[in-house]
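These are the residues of each chain, in order.
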Amino acid sequence: MTRALPALTLALTLLLSLPAAKPAFAAHPQREEARRLVDAREYAPAIELYRGLVSQFPGDTDLLIEAARVEGFADRNEAAADLYERALHVAPARQADILPSLAWQSLWAGRFERAAALFQQRMNGWSDAASVSDSRRGLIESLIGLARSRTATQDYAGALDIYAQLAQVDRADAARTAEVARVLGYADRNAESALTWRQALQLAPERRTDWLLPLAWQTLWSGDAAGARTLFSEAHAEGIGLPETWRGLAQACAALDRHPCAAEAWRKLLAARPDDRTAQRGLARALVWSDDPAGARAIYAALLQADPDDADAQLGLAQAENFSGRHRVAVGEFDRLGTSADPGLNVAKARALYWAGYADDALPLLVDVTDEGALWLRDFRIRRDTQHYASAGIDWSDDADRLRIVTPFALAGWRRSPTELFEVGVRLPQISGYETGTRSPRRRISGREISATWGLRMGEVRGSRGTLWPSFTLGRRDYDGWQSTVWRARLRYVPADLWRIDAETGSGIIDTISALRNEVNFRDVSIGATYTPTPRWSFAGSVARLEFDDDNQRNRIAWRGDYALWTRPQIRLGIEGNRFENSRPWDVNRANRGYYNPDRYLEYRAFMSIYDDVRPWSYYAKAAFGRYDETDGDGNGASGRNYLLEGWVAYDLGPGWQLRAAAGMSDSEAGSPGGGSGYWRRFGSITLNAWF
């Protein structure tokens, strides 16, 4: 592009090209011909003639300047700058004559650093306003060019240094402020970039349409997801930058844990760009966190069908399997990804192993994590399941029969290996109340129970036979001289993902005054199953048989089904109930021995529960309302409402300490030795847990 030299510079240059004292070759025919060609604007042949003359007379300053001027006329700025540099080298005393043209030609040749130095030198050496103004303009253009060239080479720090120098010379306008904001973004200085974009918009509010999206992106990347969501929503409403605006809105919603919002934005983007794999992965992630792992699995499967080597889709599929409750399948998917130094991948795999019941395999994956959430998962959850532990606390309850039970307790557990533990515990119940059906004074019974438990884990997380957790408890109990053996065997079995089977058998007692004085004891056996087809749905059922020491046999069935309306916090609605029958209920011929023993009993109710884990707090609460129907041994029926209110809250004092409190109230007829309406029971506990 042809550029016009400033008037003063051009006049000086032309004047200097005709010095008073000419060398002998000034009238050389070749030079005269070159000048004629210049007058005719035939610069190319003139330049060839000048180059021949310069090679013959390399020390002639006037010739060098004249030739440089013609190179400049032809927009051969690099050649012009080289000739001016030679002239300055030959005649440094003529610096004032040469410097203006050399500076401009250096600028136009892209030699911004050299041009800036020359213009700065000229500003410092010249005092007239016109020269200073001309040099200042050149310095500004040189610094802008230098900053842009450094930006082009990704030297963003250097570019920003130049912009800082430029700010000392010239006040930035809106366009240049936006330019600086853009470079700050390239340098990942996102918060500064967002601030600078806002400054640019203050200078030129009419450019909001042009600059709204970069402001939104930098706001998002600076960590202000809420602010970014507002900006992307504004852009969406104005139709600015679609469909990419939906991408930003989706990412902002995801950062705010507003995953349904993110899913909606990803779907809009995919409607416009159905083949955008990044958007497909984004939608799948949003579905995982929106508790639609089935939808996420379908998307990831399609992505892997198109590209089996898509590592992001492989990771996403593993995550989807894990959040759908298929923890063992997820571990297999993570295994296929191989070992990795990626902390995010290691955290995800560790979570799958932990949820599958293998904390010892999960913990080594989290040795080097630094993320706050990953550290919490490691130190406050996973590590605890690999450590020794101890608990101490107190339980209490009272009821409408004025039965009061206060039980201090303590236990300690040693993990002999990742698959084996040994636990000892002691309970010291203090029971006070009245004997059933008598007017005897209030009595108090002191109990003591000491037991030891041995537990195992059997099976591999990658095995095909599932995992078993058997445990065996043996001990001794003493209630004011009545002694009996404590024994119990439990089995938890996960045959496959989504299923869990629980079975147990053992001995027990009834902790009422009359039952303890009558030395009532029983043996029980039960088995139950839980099926969780999706993270929202859960179903459970169990059957049990109790055989009392008086030959009474009780058969019981229980059931539950619930659905999660919301997952964070987890709010569930469900129904539950139980039914049992006794073979030898109390009647006019059989005295009440102190435990609830109707002919048959049915209880059913609807419930709502809430659970959340918001470090350092976790909590659970449940409210259930329903009805009961009972028939006693004499055929008399009773029915009415029942309810249950219960909950607990826990506070993590540190990685090795937790304080937990629980309380509740119910009016279940199953708790009353005598039956009848108006029965209620209240209960609570406080516990200190430690891991070491």
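Residues numbered from 1 in each chain as written. Predicted model: local features only at pLDDT ≥ 70, side-chain atom pairs only at ≥ 80, totals over all residues. Heavy atoms only, no water.

**What to know about a nonpolar patch on the surface**
So the rule is basically this: To count toward a patch, a residue needs a relative accessible area above 30% and no salt bridge. Like charges then connect within 9 Å, nonpolar side chains (Val, Leu, Ile, Met, Phe, Trp, Tyr) within 5 Å. Accessible surface is estimated by sampling points in the Shrake-Rupley manner with a 1.4 Å probe; for residues, cover comes only from the protein chains shown. Between Lys or Arg on one side and Asp or Glu on the other, a salt bridge is scored when a side-chain nitrogen of the former is within 4 Å of a carboxyl oxygen of the latter. The helix and strand labels rest on DSSP assignments: H or I over at least four residues marks a helix, E over at least two residues marks a strand, and numbering proceeds from the N terminus.
On the surface, a cluster of nonpolar side chains totalling about 520 Å² of accessible area is made up of Ile 394, Leu 653, Trp 657, Leu 659, Ile 686 and Leu 688. Of all the elements in the fold, those that place two or more residues in the nonpolar patch are strand 16 (657-666) and strand 17 (681-691). Note on placement: Ile 394 falls in strand 1 (residues 389-399).

**Concerning the pattern of salt bridges**
Put simply, the rule is: Accessible area is worked out with a 1.4 Å probe on protein chains only. A residue is then buried under 20% of its type maximum, exposed over 50%, and partly exposed in between.
The full count for this structure, using the stated rule, is 62 salt bridges. Ionic pairing is found between Asp 134 and Arg 137, a salt bridge with its closest N-O pair at 3.6 Å. One end of the pair, Asp 134, and the other, Arg 137, are both in helix 8 (residues 129-152), 3 residues apart, so they sit about a helical turn from each other. With relative accessibility at 8%, the residue Asp 134 sits in the buried group. Residue class for Arg 137 comes out partly exposed when judged on its relative accessible area of 40%. In this structure, Glu 179 engages Arg 148 in a salt bridge whose closest nitrogen and oxygen atoms are separated by 2.9 Å. Of the two residues, Glu 179 sits in helix 10 (residues 174-186) while Arg 148 sits in helix 8, which places them 31 residues apart along the sequence. Here the salt bridges do not stand alone but share partners, grouping Arg 31, Glu 32, Arg 35 and Glu 66 into one network.

**Observations regarding the nonpolar core**
Which entries qualify depends on this criterion: In this description, a nonpolar core means a group of buried Ala, Val, Leu, Ile, Met, Phe, Trp, Tyr and Cys residues linked to one another through side-chain atoms lying within 4.5 Å. In this description, contact between two residues means that some pair of their heavy atoms is separated by no more than 4.5 Å.
Trp 211, Leu 220, Phe 232, Trp 266, Leu 283, Ala 296 and Tyr 300 are the most contacted members of the largest nonpolar core, which has 48 residues in total. Sequence-distant contacts of Trp 211, that is, excluding residues within four places in its chain, are made with Ala 174, Ala 175, Ala 178, Trp 197, Ala 200, Leu 201 and Ala 204. Grouped together as the second largest cluster of nonpolar side chains are 44 residues, Ala 34, Ile 65, Ala 67 and Tyr 163 included.

**Things to note about the pairing of strand 15 (residues 637-654)**
The test is simple: A pair of strands is labelled paired if DSSP reports no fewer than 2 bridges between them.
Inspection of the sheet shows strand 14 (residues 617-631) paired to strand 15 by 15 bridges, in the antiparallel sense. What sits directly across from Ala 621, in strand 15, is Gly 647. Remark: 5 residues form the turn of the hairpin made by strand 14 and strand 15, two consecutive strands paired antiparallel; Gly 635 in that turn has positive phi of roughly 85°.

**Observations regarding helix 18 (residues 311-323)**
The α-helix winds at 3.6 residues per turn, so residues separated by three or four positions along the chain end up facing the same way. Note the following rule: One fewer than the residue count of a helix, multiplied by 1.5 Å, yields its expected span.
Taking 1.5 Å of rise per residue, the 13 residues of helix 18 would be expected to cover 18 Å, and the 18 Å separating its terminal C-alpha atoms lies within 8% of that figure. Among the residues trailing helix 18, Gly 325 stands out with phi positive, at a value near 95°.

**Re the confidence of the model for the chain**
Threshold: Values of pLDDT, ranging from 0 to 100, describe the predictor's confidence in every residue of the model.
Of the residues in the chain, 94% have a pLDDT of 70 or more, and the chain-wide mean is 91. A low-confidence stretch, residues 1-24 (pLDDT under 50), is modelled with 33 contacts involving residues beyond four sequence positions or located in other chains.

**Some words on a positive patch on the surface**
Stated precisely, the cut-off is as follows: Charge convention: Lys and Arg are scored as positive, Asp and Glu as negative, and His as well as the terminal groups of each chain are ignored. By convention, the charge on Lys lies at NZ, on Arg at CZ, on Asp at CG and on Glu at CD.
A contiguous patch of positive charge, built from Arg 402, Arg 404, Arg 442 and Arg 444, is present on the exposed surface. The class for Arg 404 is partly exposed, based on a relative accessible area of 46%.

**With respect to the packing of helix 17 (residues 293-306) against helix 18**
For the record, the criterion: Between N-to-C directions, angles span 0 to 180 degrees; the directions come from axes that are lines fitted to C-alpha atoms, helices contributing only their stretch in contact. Should an angle lie under 35 degrees it is considered roughly parallel, over 145 roughly antiparallel, and from 65 to 115 roughly perpendicular; all remaining angles are considered oblique. The sense of a crossing depends on the near helix, which, turned anticlockwise from the far helix by less than a right angle, makes the crossing left-handed and, turned clockwise, makes it right-handed. Residues are sorted three ways: Asp, Glu, Lys and Arg are charged, Ala, Val, Leu, Ile, Met, Phe, Trp, Tyr, Cys and Pro are nonpolar, and all the rest, Gly among them, are polar.
Interhelical geometry of helix 17 versus helix 18 gives an angle of 155° and a closest axis separation of 9 Å. Relative to helix 18, the element helix 17 lies roughly antiparallel. When you trace helix 17 past helix 18, the crossing you get is left-handed. Side by side, helix 17 and helix 18 meet where Pro 293, Ala 296, Arg 297, Tyr 300, Leu 303 and Leu 304 of the first sit next to Asp 312, Ala 313, Gln 314, Gly 316, Leu 317, Ala 320, Glu 321 and Phe 323 of the second. A class-by-class count of the residues in the contact of helix 17 with helix 18 yields 9 nonpolar, 2 polar and 3 charged.

**Comments concerning the packing of helix 11 (residues 190-203) against helix 12 (residues 208-221)**
A pair of packed helices can be characterised by two numbers: the angle between their axes and the separation between those axes. Two numbers describe how helix 11 lies on helix 12: the axes approach to 8 Å, and their chain directions differ by 160°. One way to sum up the angle between helix 11 and helix 12 is to call them roughly antiparallel. Judged by the twist between their axes, the crossing of helix 11 over helix 12 is left-handed. Residues Asn 190, Ser 193, Ala 194, Trp 197, Arg 198, Ala 200 and Leu 201 of helix 11 form the contact with helix 12, whose participating residues are Arg 208, Trp 211, Pro 214, Leu 215, Gln 218, Thr 219 and Trp 221. In terms of residue class, the contact of helix 11 with helix 12 is built from 8 nonpolar, 4 polar and 2 charged.

**Thoughts on the packing of aromatic side chains**
Stated formally: Within 6.5 Å between ring centres, the rings of Phe, Tyr and Trp (the latter by its six-membered ring) count as paired, and their orientation is classed by plane angle as stacked under 30 degrees, edge-to-face over 60, tilted in between. For a ring to carry a charge above it, either NZ of a lysine or CZ of an arginine must fall within 6 Å of the ring centroid while also lying within 35 degrees of the normal to the ring plane.
Applying the stated rule across the entire model yields 24 aromatic pairs. Measuring from centroid to centroid gives 5.8 Å for Trp 537 and Phe 539, while their planes differ by 5°, and the two rings are stacked. A relative accessible area of 39% places Phe 539 in the partly exposed class. Considering the side-chain rings of Phe 580 and Tyr 596, the 6.3 Å spacing of their centres and the 85° angle between planes classify their relative orientation as edge-to-face. Of the two residues, Phe 580 is situated in strand 12 (residues 570-582) and Tyr 596 in the loop between strand 12 and strand 13 (600-614); the sequence distance between them amounts to 16 residues. Using a relative accessible area of 4% as the deciding quantity, one classes Phe 580 as buried. Among the aromatic side chains, those forming a connected cluster through ring pairs are Phe 522, Phe 548, Trp 586 and Tyr 595. Just above the ring of Trp 691 sits the side chain of Arg 384; from NZ or CZ to the centre is 4.1 Å. When the ring centre of Trp 648 is taken as reference, the NZ or CZ atom of Arg 660 above it lies at 4.0 Å.

**A look at the state of the cysteines**
The line we're drawing: Any cysteine sulfur atom paired with another within 2.5 Å is treated as part of a disulfide.
On inspection of all chains with the given rule, the structure shows 1 disulfide. Between the sulfur atoms of Cys 253 and its disulfide partner Cys 261 the distance amounts to 1.9 Å. Here Cys 253 and Cys 261 have matching classes, each one buried.

**Side note on the side chain of Asp 398**
Basically, it comes down to this: Pairs of N or O atoms are called polar contacts if they sit within 3.5 Å, as long as, within protein, a hydrogen donor faces a hydrogen acceptor (for residues adjacent in sequence, only side-chain-to-side-chain pairs).
Its place among the elements puts Asp 398 in strand 1. Judged by its relative accessible area of 13%, Asp 398 falls in the buried class. A polar contact is formed between the side chain of Asp 398 and the side chain of Arg 682, at a distance of 2.8 Å. With near-sequence residues (within four places) excluded, Asp 398 lies in contact with Leu 403, Arg 404, Trp 680, Arg 681 and Arg 682.

**Overview of unusual backbone geometry**
Residues Arg 568 and Pro 569 are joined by a peptide bond in cis, for which omega reads 0°. Within the secondary structure layout, Pro 569 lies in the loop between strand 11 (553-567) and strand 12. The peptide bond linking Arg 615 to Pro 616 adopts the cis configuration, its omega dihedral lying at 5°. With respect to the secondary-structure elements, Pro 616 resides in the loop between strand 13 and strand 14. Of note, the phi angle at Arg 402 is positive, near 60°, even though the residue is not glycine. Examined against the element boundaries, Arg 402 turns out to sit in the loop between strand 1 and strand 2 (404-417).

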